[in-house]
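# Structural features, examined
One letter stands for each residue in the lines below.
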Amino acid sequence: MNIPANLKYTKDHEWVSIEGDIATVGITDFAQKELGDIVYVEVETLDQSLEKDEVFGTVEAVKTVSDLFLPIAGEIIAFNDALESTPESVNSDPYGAGWMIKVKIANMEEVDGLLSSESYKELIGA
């Protein structure tokens, strides 16, 4: 299971990459394997400010639809448009081409509440 040490994680199986006050968010390798073949990613919250843990979109797999929860409060400033035509990128490259959104972080202190790679490994029993 791929769990990069340079990322932060949530209990909802999302990963977060922080660069300055911008967070890139996607779902983890563990999550994409649990969901199975992803056929659609929907984010209708572009240019909106949301609170931590609010739903920012959904991911649809062959057998299920799951909500996506914002790991830190902020304004959603970008959506990975490539996922509209190639949602399977979330399966094949969850930490690269499969990223979902970019968020302008409202409160940097919330970053401290995210899980380290070691804590995330404990959470999923890896």
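Conventions adopted
Residues numbered from 1 in each chain as written. Predicted model: local features only at pLDDT ≥ 70, side-chain atom pairs only at ≥ 80, totals over all residues. Heavy atoms only, no water. UniProt positions renumbered as here; feature names shortened; annotations may be inferred. Helix = DSSP H or I, 4+ residues; strand = E, 2+ residues; numbered from the N terminus. Pairing = 2+ DSSP bridges.

In the nomenclature of an unreviewed UniProt entry, the protein corresponds to Glycine cleavage system H protein from the organism Flavobacterium fryxellicola. Taken verbatim from the UniProt record of the protein, the Sequence similarities (unreviewed entry) comment is "Belongs to the GcvH family." The record in UniProt for the protein states the following under Function (unreviewed entry): "The glycine cleavage system catalyzes the degradation of glycine. The H protein shuttles the methylamine group of glycine from the P protein to the T protein."

### Topic: the UniProt feature "modified residue: N6-lipoyllysine" (unreviewed entry) in the protein
Here the UniProt feature "modified residue: N6-lipoyllysine" (unreviewed entry) sits at K63. Relative to the assigned elements, K63 resides in the loop between β6 (55-61) and β7 (65-69).

### Quick word on the UniProt feature "domain: Lipoyl-binding" (unreviewed entry) in the protein
Feature annotation in UniProt assigns "domain: Lipoyl-binding" (unreviewed entry) to the following positions: residues 22-104. Span residues 22-104 is 18% helix and 42% strand, its end C-alpha atoms 5 Å apart.

### Here's the deal with the sheet that holds strand β3 (residues 22-27)
Overall, antiparallel pairing links the 6 strands, which are arranged β1-β2-β3-β9-β8-β5 in an open sheet. In the strand order of this sheet, the two ends are held by β1 (8-9) and β5 (49-50), each with one partner.

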